[in-house]
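Observations on the model geometry
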Amino acid sequence: MATNVPVPKDWGKGGCPKPYAADSNYGAGAVASVTKKGYSMVYQCAEEPVNLYCGMTGYEPGSSQYGSMVWTGLGSCTGTISPTSSPAFVSLVDEGGCSAAFDDGANYEEGDKISMAGLVYQCDKSPSSKHCSQAGYKPGTFIRSGTQVIEHWKDAWSLIGYCSGTIAPTSSPNFVSLVDLGVCPEDWAATNPYEEGDRVHSMGLVYGCRPWPWSTYCSQAGYEPNVDPAAPGAWKDAWSVVGHCSGSRGPTGSPSYDPVNIIGACPDEWSGGAHTKYEEGDLVAVTVSVIPIRKVAYRCKAYPFSGHCGSLSPIVFGGDQGWAFAGSCDGSVGPTASPNFVELSTMTSCPPEWNPFTVDYEGGDLVSYSVSHTPMRKLVFKCKDWPNTGYCNQGVGFEPTTPYGKMAWIRQGSCDGSMAPTTAPIANTGICTYNKCITRQEACQPGSRGCSCRVGTTTSSKCVKNVQSCNIADVKAWSKGMDYVAGDVVKVGTKRFKCKKWPTTMWCMQAVYKPELKVNGIWRNAWDTDGECPPPIVGKIGTFSYTADANSLGITIPDTLPDGPQLVTLLNSLREAIKATTIISQGQEVAYVRIISIGGVAVNDQGLRRLMQTRFLQSETIVFEITITCPDGCDPETPTPPPTFKPSTFPSASPSISPSASPSVSPTNNPSALPSVSPTNNPSASPSVLPSDLPSVLPSVNPSTLPSTSPTSKPTFSNKPTASPSLSPTDLPSLSPTNKPSASPSMLPTNKPSASPSVSPTNNPSA
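Remember, it's a predicted structure, so these values are computed and weren't measured experimentally.

Overview of the pattern of salt bridges
Following the criterion strictly, the structure yields 11 salt bridges and no others. Across the salt bridge formed by Lys154 and Glu151, the nearest N and O atoms sit 2.9 Å from each other. Lys154 sits in the partly exposed class, given a relative accessible area of 48%. Of the residues examined, Glu151 reaches a relative accessible area of 27% and is grouped as partly exposed. Ionic pairing is found between Glu279 and Lys406, a salt bridge with its closest N-O pair at 4.0 Å. Of this pair, Glu279 sits in the loop between strand E12 (239–244) and strand E13 (283–289) while Lys406 sits in the loop between strand E18 (376–383) and strand E19 (409–415); the two residues are 127 residues apart in sequence, bridging distant segments of the chain. Exposure remark for Glu279: the relative accessible area of 42% places this residue in the partly exposed category.

Dropping the structure here:
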């Protein structure tokens, strides 16, 4: 039996429009029909720019996933729209005479008009106007792709009216609308470094250099005013017509400069290099005219713009990112004496040396930094205010005098000597202890204080009482496998944690409940915070200076030194190599290695790279400092010898962190002092021989599909009671106490009164 399909309301505009055709260009508001089961439906395309999706696959009206985003159903239709008479241009504007026809060699701009077959087209606004001069966008043309008709011209031109005849010829063009600027400026020349506002002459017109960033094109040959080389009209990106002129300027004398902008002798010519070649305030000269010779000077901008000074010349595109015009100059800078610190303010005493491991520098803090050892010279730096203060505590990455150090530190001047000594600090022992109490059961006489048996009990062997003993114990870090009990205290860093009382005590020994510094963690189910431990004796033992060469240290320096950031990487590798070959006492740590110079040249000197071009540095002298710290506490009474690099004739008092050349005579049962280089995230190719005894990171809330082979000693997370009682009592605590009485009496008396009086009174006090 046939089923009547409900037909939507008629769309009210006669018959059906043309059927929808995929891959067609539908304009905003265009309509199309789609045949449904038993009727046809009319859809309307969305407004611009969404209409661009109307012809795309996946946006078909009425049937696709995204069709409703771009098409709107208007109603049903029947038949076809009756044909109309020949198209008339009633809705188009009469533009009068017809302008010139389209010429694919012309340079059309926004607003330009052409005529084709009695119709007038106007070039669209930018950026669509860029297509107006291209032959593929000629108005009125189309291409076919299968059954699809594609009209690209609509992306560049708009039909605005109709015309007849031709536009009456006009007289020779005049410059009524242009300003008469008098005599003409100089013609454009590629050798001149034009800037914003500069003017040049070409064919009676005056052109002005446009503002930045377009001004950077003004000196380039491809942008000569009114000249169209490879890219027609490209000059309009750099120059604008500002007026007309006649005649030429009379010859002038030698060019003069405003005395205010003359800096005197010229600095060195700019030359390219690494981003660290020039610093804030550096001056360079650029030649702008050869006959007569004329130079101008530029000053390197402040950080971070100074990073552009070495890679971009002041007069190329983008050069103004790093350079600022300083003025004209003449001659050359005379030779100076050896550099000194006259221009720096000198402090009478030096603040503490910069330490890469300090993490509490604040804005305004002063540090000193050695820049040479013979003679000894130091600079003073001040930590920048917020938000840069955080960089002061980022270690070697923001070390003073390094490229990124400027983000954290400001140079203040030089210094000499040291600040007045302060009173010796009181040594912090770093001792952290707690009162550890242990409860054990002992046999007792029935009826005695605390005894579990009343007077008259015959089986005295079962009578016990709890006896507690306490002693001072060190607070140690949490350790797996320890049988923690209620009241035990562990630490994470300097923060103390105390194991909770029963019934949650059992969780204290499980790794998933290991105390953490994270405030809201699962550890809170087993542990309570218990204050802070005093910090251990951690501090700088001393800084020791050394002079050696790479051969004696057993390290290698490459024969070619890289530039820029790679040099920093090489120096970091050199520090690590020195650190790895250093032999120190047990409990000590090489906190930092600072390389001062190689071959007599400071590592922050540009001359180090030049030195590499002439000498092989493997045998050159390396001057460096090693800072030794005691991270886990050292005995202040024991003097600390400086570290050594060569083995002594006697055995060391403590093991070395460097491996020996041959294996030990016998293996050791002691674990190594250092962990592996880093753990791996990649699973092994085969399973371990033995299963791991480490628990999962977090307990699972989902029950397994199979019962466990044996019961576990770990508590579960379920808050729901089981359907049946356990076969035997468990030693594990409940998640929460119960209000139901136990099936048998307690072993110990309770503080709550019983529901009925005792059988007979007792002379012994209760517990």
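Still more to cover.
Quick notes on the sheet that holds strand E2 (residues 40–45)
Strand-to-strand pairing in sheets goes through backbone hydrogen bonds, with the strands running parallel or antiparallel. Taken in spatial order, the three strands of this open sheet run E1-E2-E3, and their pairing is antiparallel. For this open sheet the edge positions go to strand E1 (31–35) and strand E3 (71–77), each flanked by a neighbour on one side alone. Between one strand and the next, the sheet's axes are offset by a mean angle of 30°, whatever the strand orientation.

Here we look at the packing of aromatic side chains
For the structure on display, the rule yields 23 aromatic pairs. For the pair Tyr194 and Trp239, a centre-to-centre distance of 5.4 Å together with 75° between the ring planes defines the contact as edge-to-face. Of the two residues, Tyr194 sits in the loop between strand E9 (157–162) and strand E10 (199–202) while Trp239 sits in strand E12, which places them 45 residues apart along the sequence. Under the relative-accessibility criterion, Trp239 is labelled buried at 2%.

Considering the sheet that holds E10
If you trace the three strands from one edge of the open sheet to the other, you get E10-E11-E12, paired in antiparallel fashion. Across the chains shown, the open sheet's two edge strands, defined by having one partner strand only, are E10 and E12. Each neighbouring strand pair of the sheet contributes to a mean axis angle of 35°, computed without reference to strand direction. In this structure, E10 lies alongside strand E11 (residues 205–209), joined through four bridges in antiparallel fashion. Across the sheet, the residue bridging to Arg199 is Gly208, located in E11.

Describing the pairing of E1
Successive side chains on a regular strand alternate, one facing one side of the sheet and the next facing the other. Judged from the five bridges that link them, E1 and E2 form a sheet pairing that is antiparallel. Residue pairing across strands places Thr35 opposite Ser40, the latter belonging to E2. A loop of four residues connects E1 with E2, the two strands running antiparallel in sequence, and Gly38 in this loop sits at a positive phi of about 95°.

About the criteria used
- Residues numbered from 1 in each chain as written.
- Predicted model: local features only at pLDDT ≥ 70, side-chain atom pairs only at ≥ 80, totals over all residues.
- Heavy atoms only, no water.
- Salt bridge = Lys/Arg side-chain N within 4 Å of Asp/Glu carboxyl O.
- Buried < 20%, exposed > 50% of the residue type's maximum accessible area, 1.4 Å probe, protein only.
- Helix = DSSP H or I, 4+ residues; strand = E, 2+ residues; numbered from the N terminus.
- Pairing = 2+ DSSP bridges.
- Axes fitted to C-alpha atoms, helices over the stretch in contact; angles between N-to-C directions.
- Phe/Tyr/Trp six-rings, centres within 6.5 Å; stacked < 30°, edge-to-face > 60°.

These values are about where atoms sit, not about what they do.
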